[in-house]
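Okay, here's what each chain looks like letter by letter:
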Amino acid sequence: MIKSEPSRRTFLARVVVALNALVAMVMATPAVGYLLSPLLKRRSNQWVAIGKASKFVAGIPQRMTFEYDDEAGYSVERTRRVAFVGHSENELIVLSPVCTHMGCNVAFNGTTSLFECPCHGGKYDMSGRVVDGPPPEPLRRFQTRVRDGNLEIQIT
Amino acid sequence: MSHEPNSTTDTAVGKASIRPWLRLPHTIRDLFDERLPKGVGWPHVFGSTLLALIALQIVTGVLLSLNYAASTTTAWESVRYIQDRVVFGALIRGVHHWAASASIVVAALHLGRVFLFAAYRSPRRWTWVAGVLLLFVLLGFGLTGYLLPWDLKAYFGTKVATEIPGSLPVVGPYLLQIIRGSADVGPFTLTRFYSAHVILLPAALAILLIVHLYLVRRHGITPPWTRTGAAGQPAYSFFPYQAMKDTVAILVALVIVCVMAVWIGAPLEAKADPTNSTYVPRPDWYFLGLQHLLRIFQGKWQILGTAVIPGLSAVLLLTWPWLDRNNERRLRSRPVALMLGVVCAITVLGMTFAGFAAVQEEEGRMADLQTVPFSPTKESAEVVSESSDDLVRNGERLYVTMRCDACHGPERNEIIPGLPPDLSYAGSKLQEDWMRDYLVAPHPIRYQADGVRPLLRMPDFRLSNGEARALASYLATQTDVDRFVPVPTEPKGTPEQIAEGKRLFANYQCLGCHVVESEGNRIGPDLTHVGTRLKTAYLDAFLREPEAVIPGTSMKNFELWDEERAALVAFLQSQE
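A brief structural summary.

Quick notes on the rules
- Residues numbered from 1 in each chain as written.
- Chains lettered and ligands numbered in written order.
- Predicted model: local features only at pLDDT ≥ 70, side-chain atom pairs only at ≥ 80, totals over all residues.
- Heavy atoms only, no water.
- Contact = heavy atoms within 4.5 Å.
- Buried area = accessible area lost by both parts, 1.4 Å probe.
- Salt bridge = Lys/Arg side-chain N within 4 Å of Asp/Glu carboxyl O.
- Helix = DSSP H or I, 4+ residues; strand = E, 2+ residues; numbered from the N terminus.
- Phe/Tyr/Trp six-rings, centres within 6.5 Å; stacked < 30°, edge-to-face > 60°.
- Buried < 20%, exposed > 50% of the residue type's maximum accessible area, 1.4 Å probe, protein only.
- Disulfide = S-S within 2.5 Å.
- Core = buried A, V, L, I, M, F, W, Y, C linked by side-chain atoms within 4.5 Å.
- Axes fitted to C-alpha atoms, helices over the stretch in contact; angles between N-to-C directions.
- Patch = residues over 30% accessible without salt bridge, like charges linked within 9 Å, V, L, I, M, F, W, Y side chains within 5 Å.
- Areas by Shrake-Rupley, 256 points an atom, 1.4 Å probe, with all protein chains shown as cover.
- Pairing = 2+ DSSP bridges.
- Polar contact = N/O pair within 3.5 Å; in protein donor to acceptor, adjacent residues only side chain to side chain.

**A look at the interface of chain A and chain B**
Counting residues at the interface gives 25 residues for chain A, matched by 37 residues for chain B. For the pairing of chain A and chain B, the buried interface totals around 2700 Å² over both sides, and the portion due to carbon and sulfur atoms is 74%. Linking chain A with chain B are 1 salt bridge. With a shortest N-O distance of 4.0 Å, B:Asp33 and A:Arg9 are connected by a salt bridge.

Written out as structure tokens, the structure is:
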């Protein structure tokens, strides 16, 4: 009796720990799946017209405000965003105003001809290349196309 | 229980099992090693089970709150999003729904066990009080959580539930306004209930749970069947012996909850619609008894059902440890307490069943009220000002914005099994004029068995004639020409065919299940005006093989010959 007691007890203890661990793992699976659900969402990749293509001529970048339908699961919201339309090596480019350092919105300074970030002094040239400050990468460029005379950019 | 500090070579019987990798702080080790009194065992598993269910509710509740948006314009939509689109969303929602019910059941069993074992006597009186308050908090969770999906059930259930404090004399109307946040159940009620459900009640739960568990640890488990004050004989340690029993009980509870969550899931009815006048409010099952009190006590006696009886019951429950002055714990020495306990338990169960039966009956009556005979009102053609293309486009827009898809779309069965018809082939099935008239004033077509309320009835959306015409035009374009081969001119059949069809209609005893001009039985659809409702192609396909058109239909396949079928269709088409 005395000899068998510890082994029975140890066995039971292992069963209890194992069962509880198993239950916790089984219950955690759906919870983790639920938490990771946003990763499985498809990106919308929609094309949005931001203006007549013919009005964008070479010169200083133009700040364009555009609207699009942002689908957020159960609701669709009309969202306003900004993009800069400029030229780089005779090619039309559309730059995102979001500074690649900390995500503030840059503004174009006509006197220096640079995009300047108000937060930490990041500076980009007219084609989006970093010329000064902390930003690690150039400004992001939107994919563009021209449809029915409209300049369209792809929202991802 | 004393422990030598830093005793790492603890191999004595009773302490050996805790392996180095499980080396726990002393307070927890004391808890694990606590020698429980003799007689503690299976009846004592409910507390741990309830604790596990509460933990499950916290985890699933937090997960649901990540996607839930508490406003009248988004609550139902976000719940539906969780249900349909989020990975494991339906499962998590189902578990939250069923674990709520399970925790009420387990809490009741726990309370019953403590009562039978007379484990509420001094020094454990306040443990009992904290436990009873915890039960009230759990009921509060049920009441507030019920509204959050903002479906018909939620809306009307909450309307009735909040009427109860509102009916109290003098303070009632003010109380009602405070609880609802406005005169009626609306956006403010939803945010209030949400706040209570995720902030106030969890805070109360945490405080009461800490007090309850602290007192349980401090006073230990009551030695079963002893006199008050007598010390129990210590027997096995909590870990692993009682822990094993607790684990099994928790496992059983979790399996039941998960099976229900997968098998039945959490219901989501149509979005709350304050104009619906036929919905029978039904609270969650654990409030059916309270609701039934309101049926028993009406008029000037109403206050008995709303305040006096529930209030006195709560006071009796809370003060019971002070009222019971017996020192014995053995049941045969406590006849009065035992009798009182049994009477209370039977009363609560009986009232719950009576409330359930009453709701069933009311729903049956409402369903009968809905099946009024139909008299078609053919309006003269409206002035056509739009091209038919515009009409179809407007109809499609209406179909989308009014969310007809929620009940009639291809994925509708995932939420509401069965009832609303698939409209993907509406144009092959239904005549456009009929659809237009029906949309202006919907009426029931299918009957239900006595006492069974349909899950959903087509609501009256109060469409204008123009909107109904647009929707009907759009639906008329939704055809399935492969299954329902169109008949070019919709011929109405020769008089001979109609006569032959009439004979067949009698021969096959169609009136056994169908009504024609108030003759026959209400099992299948009313066929009185079927000639203005259904299309020839559909009738033909349906009579050829009913199961292929409506899977699971109770309509029998009569295996008719082609001529017989044509005659029957001709007869049915003559029923205008």
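**A short note on the environment of A:Arg147**
Inspection of the secondary structure puts A:Arg147 in strand β9 (residues 144-147). Considering only alpha carbons, one finds A:Arg147 and A:Ala53, 94 residues apart in sequence, at a separation of 8.9 Å.

**Notes on the environment of B:Arg80**
Relative to the helices and strands, B:Arg80 resides in helix α3 (residues 75-84). When the C-alpha atoms of B:Arg80 and B:Leu268 are compared, they prove to be 7.7 Å apart, with 188 residues separating the residues in sequence.

**Structural notes on the packing of aromatic side chains**
Residue and element names in this part refer to chain B. The tally for this structure, following the rule as stated, stands at 24 aromatic pairs over all chains. Each ring, one from Phe505 and one from Phe571, has its centre 5.1 Å from the other, and the planes form 50°; the classification is tilted. With Phe505 in helix α18 (residues 495-507) and Phe571 in helix α22 (residues 562-573), this pair connects stretches of sequence that are 66 residues apart. Of the residues examined, Phe505 reaches a relative accessible area of 7% and is grouped as buried. The class of Phe571 is buried, set by a relative accessible area of 6%. Aromatic ring contacts, followed pair by pair, group Phe115, Tyr120, Trp128 and Trp320 into a single cluster.

**Observations regarding the state of the cysteines**
All names here are of chain B. The tally for this structure, following the rule as stated, stands at 1 disulfide over all chains. The thiol of Cys510 is not disulfide-bonded; the next cysteine sulfur, from Cys513, is found 8.7 Å away. Judged by relative accessible area, which is 15%, Cys510 ranks as buried.

**Considerations on the nonpolar core**
Formed by 40 residues in total, the largest nonpolar core has its most connected members in B:Phe505 and B:Leu572. Excluding residues that lie within four positions of it along the chain, B:Leu572 makes contacts with B:Phe505, B:Leu527, B:Val530, B:Gly531, B:Leu539 and B:Leu543.

**Examining the packing of helix α6 (residues 152-166) of chain B against helix α7 (residues 172-180) of chain B**
Axis separation between α6(B) and α7(B) bottoms out at 7 Å; the angle between their running directions is 140°. Between α6(B) and α7(B), the contacting residues are B:Lys159, B:Thr162, B:Glu163, B:Pro165 and B:Gly166 on the first element and B:Gly172, B:Pro173, B:Leu175, B:Leu176, B:Ile179 and B:Arg180 on the second.

**Observations concerning a nonpolar patch on the surface**
Residues A:Val32, A:Leu35, A:Leu36, A:Leu39, A:Leu40, B:Ile58, B:Val62 and B:Leu66 make up a contiguous nonpolar surface patch of roughly 800 Å² in combined accessible area. Elements with a minimum of two residues in the nonpolar patch: α1 (4-36) of chain A together with α2 (46-67) of chain B. Looking at the element boundaries, A:Leu40 is found in the loop between α1 and β1 (46-52). Taking relative accessible area as the criterion, A:Leu40 reaches 61% and is therefore assigned exposed.

**Considerations on the sheet that holds strand β8 (residues 130-132) of chain A**
Residues and elements named next belong to chain A. Read from one edge to the other, the open sheet built from 4 strands follows the order β5-β6-β7-β8, with strand pairing classed as antiparallel. At either margin of the open sheet sits one strand with a lone partner, and together these are β5 (107-109) and β8. Across 2 bridges, the pairing between strand β6 (residues 114-116) and strand β7 (residues 123-124) is antiparallel. Note on β7: the bridge partner recorded for Phe115 is Tyr124.

**Some thoughts on the environment of A:Tyr124**
Residues and elements named next belong to chain A. With respect to the element layout, Tyr124 can be found in strand β7. On the accessibility criterion, Tyr124 (0% relative accessible area) is buried. With 15 residues separating them along the chain, Tyr124 and Leu139 place their C-alpha atoms 7.5 Å apart. Side-chain polar atoms of Tyr124 contact the backbone nitrogen of Thr100, separated by 3.0 Å.

**Digging into unusual backbone geometry**
Cis geometry marks the peptide bond from B:Ser122 to B:Pro123; its omega dihedral reads 10°. By secondary structure assignment, the location of B:Pro123 is in the loop between α4 (89-116) and α5 (125-147). Cis peptide bonds are those with omega within 30 degrees of zero, and the linkage from B:Phe239 to B:Pro240 qualifies with 5°. Relative to the helices and strands, B:Pro240 is located in helix α9 (residues 238-263). Not every positive phi belongs to a glycine, and A:Asn90 is a case in point at roughly 60°. One non-glycine residue, B:Phe88, lies in the positive phi region at around 65°. Along the polypeptide, B:Phe88 turns up in the loop between α3 and α4. Taking relative accessible area as the criterion, B:Phe88 reaches 36% and is therefore assigned partly exposed.

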